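Residues per chain are reported as follows:
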Amino acid sequence: MRLKLVPEKTSFDFFNSWKLWMGFSSLLLVLSVVSFFAQGLNFGIDFRGGTTVRTESTLAMDVGAYRKAIEPMELGDISITEVFDPTFEEDQHVAMIRIQAQADGEAISGETIEALRAVLDEVAPGIKFVSVESVGPKVSGELVQTAVLAVVLAIGAVLIYIWLRFEWQFALGAVAALVHDVLLTIGVFAAVQIKFDLAIIAALLTIVGYSLNDTVVVFDRVRENLRKFKKLSLAEVLNLSINQTLSRTVMTSVTTLIALISLYVLGGDVIRGFVFAMIWGVIVGTYSSVFVASTILLKLGVKRDWSKQANTTGNQFANIDA
Amino acid sequence: MLQIDLWKRVLIWLVCVTGLLLALPNAFYTRVEMSNDAAIEITAKGETPERLEIVDQWPSWMPSSLVNLGLDLRGGAHLLAEVKVADVYAARMDSLWPEVRNVLRPERATVGTFRRQPGPEDQIRLKISKPEGMSRALELVRGLANPVTSLTGAGSTDIEASATGDIITIQLSDAEKLASDDRTVRQSLEIVRRRIDEVGTREPTIQRQGVDRILIQVPGIGSASELKAIIGTTAQLTFSPVVGRGSDPDAVAGAGNKIVPSLDDPGVYFTIESAPVVTGEDLVDAQPSFDQNGGPAVSFRFNTSGARRFGDYTAENIGSPFAIVLDDEVVSAPVIQSHIPGGSGIITGNFTIEESTNLAVLLRAGALPAELEFLEERTIGPELGQDSIDAGKIATIVAFVGVLVFMVLSYGLFGIFANVALILNIALIFGMLSLIGGTLTLPGIAGIVLTVGMAVDANVLVFERIREELKAGRGPARSIEEGYSKALSAILDANVTTFITAVILFAMGSGPVRGFAITLGLGIMTSVFTAIFVTRVMIIMWFERRRPKTIEV
């Protein structure tokens, strides 16, 4: 007996309540934007400059004591958080200490780190600095720029590819879905205040890739069905195509989620934020390829017959008589 | 109908076997790594029985390239340094000044007396007493210019001289500045590389980034500060005549002199002549050694011209002190006891053994042409790296098993085919990574796990198509055939778009982001290959043997 997540034959109507889905998406988008502007992103040192030290001690840690020890060093804004993770040993106490970028352009001086190690060793003897990462203010600004540019370039490149392979309406639908996914993911990061660093940009671009993957599969079927069923309306063709590919969409999302969730649970705290972004992206990407991309395609309409020259609008030579 | 030419089948399996073979060394990582290291030691330092024994741990006919582990997995230090290229301009002007003096001196009659005026360090400002001789002065100064030797700067000269009133301003031309920046960065890169090689760590990454930056990644080093200590010092060594000694840093040095602090005695300042007798550029060798009292010291040797100058100077100045100056600090100022003809000597100071070793390394590798400013530093401890590897391994195995089980449950026998392809897929990714010497990072592991999830996608697309064809009442062979051909365009379009993002990630990203892009990109290529070819060969081979009347997907 086969495991079937989606019944053999489905005939859901994805568009009879399209206003509801669009409303739902718009609401989420508004919430994302509001939370982005209200709270901002919790930028990691990659984008803000500064230093993070990951400490490890066998003694139970006391955030207050750490803070008291570091404060006299006058390093400006510091934040200390204890990290908990199921993969840690019982006597493994990990803390992340974040120090703001110092005034000069350099990353951080070795002396500062040594001094920090000395004061913390008083509070927690035998404390280890398992990682020290420092980004100078000069670089962090550039990293933001490159990151934004990377996302924009990726979306642009994809827009052109789909436009060439399909039609501009498809490209627009797919890109709208992409922007939707990226915005919602950024919104979640703003709302939950997960650290937003360079790795998250990688996650965002993967989401772009995944969401596209999904959208393109649906669109590919739409293109095929448009040629095959010339009598059906566009909405009917879209519905048919989504239903036909639904089983695949769900299968792939499930296998990807199986992999990502195991990484989320077992992969350690270092990449948890990164994996979280991808899990969210897979869910949103699957949703958007069905509801957002297709709805936009439906609203834009599409030229049905590719074999004949279009005889009306949309072409600057369309209405010229020879 | 369902056919694949024999040669194609052979080729497909050959690719898979090659991939497996290339991936295999990674399963015995430590052993292969030790064997490779020993092999390198043998070529560098000669054979010993122990080294030969370690080499033999891995058969020489097997592939032995491994996936590089990134810093976040192995531990080590990462530095991004900016070369202060403009530092060189001032030095160029200072060295140009004597030449300017020499060409103008014979023409005093036309240009009058001349003096260098204070001004920006990257310019020479020259005041002449007879402004009417300006055109002659400019002509002479311009005669010192050389053509710029670079592609973009062709046709221009290296220095520009202009006049306002009775002041001549000499500075580097823009073309020369560009060419000089490029040379400075290249030279810095080379010196950083030599210094790190001297310390002898494994597989450092030293790359130029952008116009004036250098990225340095050294696995296995304790901290970024340690790395900075090795590469960060400029190590400008000079031997200069001592004019005086005092405790006032602001004392008047006098023309052609400068005041520099002592390295060991705080509060002591030496007045030395700016023009050194010999510089570090004349050094041919420097070794850590010990002085007469058994304290750590550095012994050195000059090249012929350096040795001659050093010999002449010591012969003429017996009894007077001279200073050994390192990066504008006096390491020691011994009194010359006797003529030193051989061109070798010893630097003593309050060194520890470690310091004398480092100093020897720095001197041997030469001076950095300009200062480095460190913009980014990362140190990752080896324990954290090991933790990440362990966590990554477990996560990958669980993800793997989860997906394998799920595929079998959903597609039965065809699911097993897809699973074999998935396993081959991972082997191919590792094989390719080893082959191109790619670096596996923590996000890279995430990329692989993501690939595990997404790699089945192409197979799912095909299987779902086959199901549809079967439902539509076609025969098994026809359904398989149609399934593959109809799914192809979706597979290609979907993967090309993801591949585009991987390429952009690779081009724009650095470090971990790049690692992720590599595994994602390779994963896409291998999964398309396994889905289109490998599972198909498997299905066809199974089909030919069984000739089933009906199939269930």
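An unreviewed UniProt entry annotates chain B as Protein translocase subunit SecD of Parasedimentitalea marina. The Subunit (unreviewed entry) comment attached to chain B in UniProt states, word for word, "Forms a complex with SecF. Part of the essential Sec protein translocation apparatus which comprises SecA, SecYEG and auxiliary proteins SecDF-YajC and YidC." What UniProt states about chain B under its Sequence similarities (unreviewed entry) heading is, verbatim, "Belongs to the SecD/SecF family. SecD subfamily."

As annotated in an unreviewed UniProt entry, chain A carries the name Protein-export membrane protein SecF and is attributed to Parasedimentitalea marina. Under Function (unreviewed entry), UniProt gives the following word-for-word description of chain A: "Part of the Sec protein translocase complex. Interacts with the SecYEG preprotein conducting channel. SecDF uses the proton motive force (PMF) to complete protein translocation after the ATP-dependent function of SecA." Entered under Subunit (unreviewed entry) in the UniProt record, the comment concerning chain A runs "Forms a complex with SecD. Part of the essential Sec protein translocation apparatus which comprises SecA, SecYEG and auxiliary proteins SecDF-YajC and YidC."

Colleague: How would you sum up the overall build of chain A? Please name residues and give values.
Modeller: On a plain count of helices and strands, chain A comes out with nine helices and six strands. For chain A, the C-alpha radius of gyration of 25 Å lies well beyond 20 Å, the compact-globule estimate for 322 residues. Principal-axis analysis of the C-alpha atoms gives chain A an extent of 85 × 55 × 30 Å. Scored against the burial criterion, the 322 residues of chain A give a buried share of 52%. Counted over contacts in chain A with a minimum sequence separation of 6, partners at least 24 positions apart contribute 78%. Between the mean site of the 26 positive side-chain charges and the mean site of the 31 negative ones, chain A shows a separation of 18 Å.

Colleague: Tell me about the UniProt feature "domain: SecDF P1 head subdomain" (unreviewed entry) in chain B, and please be specific about residues and values.
Modeller: In the UniProt entry, the feature "domain: SecDF P1 head subdomain" (unreviewed entry) is given for residues 259-370 of chain B. The span residues 259-370 of chain B carries 23% helix and 35% strand; its end-to-end C-alpha distance comes to 21 Å.

Colleague: Account for the UniProt feature "transmembrane region" (unreviewed entry) in chain B, naming residues and giving values.
Modeller: In this structure's numbering, the residues bearing the UniProt feature "transmembrane region" (unreviewed entry) are residues 394-414, 421-439, 487-509 and 515-539 of chain B. Secondary structure content for residues 421-439 of chain B is 84% helix and 5% strand, and the end C-alpha separation is 24 Å.

Colleague: Quick rundown of a nonpolar patch on the surface? Include the residues and the values.
Modeller: Nonpolar side chains collect at one region of the surface, where L159, I160, W163, L164, W168, L172 and L300 of chain A lie side by side and expose about 700 Å² of accessible area between them. Its place among the elements puts W163 of chain A in helix α5 (residues 137-165).

Colleague: Give a detailed account of empty space enclosed by the protein, specifying residues and quantitative values.
Modeller: Summed over all chains, the structure comprises four cavities of 30 Å³ or more. A volume near 120 Å³ is recorded for the largest cavity. Around the largest cavity, the lining residues are N213 of chain A together with T451, M454, A455, D457, A458, N495, T498, L520, G523, I524 and S527 of chain B. Elements with a contribution of two residues or more to the lining of the largest cavity: α14 (442-471), α15 (476-508) and α16 (512-546) of chain B. In terms of residue count, the dominant contributor to the lining of the largest cavity is α14 of chain B (five residues). For the lining of the largest cavity, the class distribution of residues is five nonpolar, six polar and one charged. As a volume, the second largest cavity reaches approximately 90 Å³. Lining the second largest cavity are V217, D220, R221, Q244, T245 and R248 of chain A together with L461, E464, R465, E468, K486 and A490 of chain B. For the lining of the second largest cavity, the elements supplying multiple residues, two or more each, are α7 (198-228) and α8 (234-266) of chain A together with α14 and α15 of chain B.

Colleague: A description of the UniProt feature "transmembrane region" (unreviewed entry) in chain A should follow, citing residues and the corresponding values.
Modeller: Under the present numbering, the feature "transmembrane region" (unreviewed entry) in UniProt falls on residues 20-38, 143-164, 171-192, 198-219, 249-267 and 273-298 of chain A. Across residues 249-267 of chain A one finds 95% helix and 0% strand; the C-alpha atoms that close the span lie 26 Å apart.

Colleague: Before we move on, can you summarise the packing of α7 of chain A against α15 of chain B with the specific residues and values?
Modeller: As a packed pair, α7 of chain A and α15 of chain B sit with axes 9 Å apart at the nearest point and diverge in direction by 160°. Taken as axis vectors, α7 of chain A and α15 of chain B run roughly antiparallel relative to one another. Of the two elements, α7 of chain A crosses α15 of chain B, and the hand of that crossing is right-handed. In this structure, α7 of chain A contributes A202, L205, V208, G209, L212, N213, V216, V217, D220, R223 and E224 of chain A to the contact, and α15 of chain B contributes K486, S489, A490, D493, A494, T497, T498, T501 and L505 of chain B. Residue classes in the contact of α7 of chain A with α15 of chain B are distributed as nine nonpolar, six polar and five charged.

Colleague: Account for the nonpolar core, naming residues and giving values.
Modeller: In terms of nonpolar packing, the biggest core is built from 153 residues, with I162, F170 and F274 of chain A together with M407, F414 and F463 of chain B touching the most fellow members. If one sorts the elements of this core by residue count, α16 of chain B sits on top with 18 residues. F274 of chain A has contacts with A199, I200, A202 and A203 of chain A together with P443, A446 and F516 of chain B, leaving out every residue within four places of it along the chain.

Colleague: Residues and numbers for the domain arrangement of chain B, please.
Modeller: According to the domain assignment, chain B consists of domain 1 (6-23 + 384-546), domain 2 (87-176) and domain 3 (237-356). If you average the C-alpha positions of domain 2 of chain B and of domain 3 of chain B, the two centres end up 32 Å apart.

Colleague: Explain the domain arrangement of chain A to me, using residue names and the numbers behind them.
Modeller: All names here are of chain A. Here the domain parsing of chain A yields domain 1 (18-42 + 139-300) and domain 2 (50-135). Using only C-alpha atoms to locate each centre, domain 1 and domain 2 end up separated by 37 Å. Contacts between the two partners involve 10 residues from domain 1, matched on the other side by nine residues from domain 2. Here domain 1 meets domain 2 over a buried area of about 600 Å², counting both sides, of which 47% is carbon and sulfur. Summed over the three residues of domain 1 that lose the most area to domain 2, namely K195, D269 and R272, the buried surface amounts to 55% of that side. Counting every contact that joins domain 1 to domain 2 gives two salt bridges. Between R54 and D269 there is a salt bridge; the shortest N-O distance is 2.9 Å. Taken together, the links from domain 1 to domain 2 amount to three residue pairs in polar contact (both at pLDDT 80 or more). Listing elements by their share of the side of domain 1 that touches domain 2, those giving two or more residues are α5 and α8. Split by residue class, the side of domain 1 that touches domain 2 holds four nonpolar, three polar and three charged.

How each quantity is defined
Residues numbered from 1 in each chain as written. Chains lettered and ligands numbered in written order. Predicted model: local features only at pLDDT ≥ 70, side-chain atom pairs only at ≥ 80, totals over all residues. Heavy atoms only, no water. UniProt positions renumbered as here; feature names shortened; annotations may be inferred. Helix = DSSP H or I, 4+ residues; strand = E, 2+ residues; numbered from the N terminus. Rg over C-alpha atoms; globule rule 2.2 N^0.38 Å. Buried < 20%, exposed > 50% of the residue type's maximum accessible area, 1.4 Å probe, protein only. Contact = heavy atoms within 4.5 Å. Lys, Arg positive; Asp, Glu negative; His and termini not counted. Charge placed at Lys NZ, Arg CZ, Asp CG, Glu CD. Patch = residues over 30% accessible without salt bridge, like charges linked within 9 Å, V, L, I, M, F, W, Y side chains within 5 Å. Areas by Shrake-Rupley, 256 points an atom, 1.4 Å probe, with all protein chains shown as cover. Salt bridge = Lys/Arg side-chain N within 4 Å of Asp/Glu carboxyl O. 1 Å grid on protein atoms, 1.4 Å probe; cavity = no way out; pocket = protein on both sides within 12 Å on 5 of 7 lines; lining within 4 Å. Points joined across faces, edges and corners; volume = space filled by probe spheres on them. Nonpolar A, V, L, I, M, F, W, Y, C, P; charged D, E, K, R; others polar. Axes fitted to C-alpha atoms, helices over the stretch in contact; angles between N-to-C directions. Parallel < 35°, antiparallel > 145°, perpendicular 65-115°, else oblique. Left-handed = near helix turned anticlockwise from the far one by under 90°. Core = buried A, V, L, I, M, F, W, Y, C linked by side-chain atoms within 4.5 Å. Domains from an automatic or database assignment. Buried area = accessible area lost by both parts, 1.4 Å probe. Polar contact = N/O pair within 3.5 Å; in protein donor to acceptor, adjacent residues only side chain to side chain.

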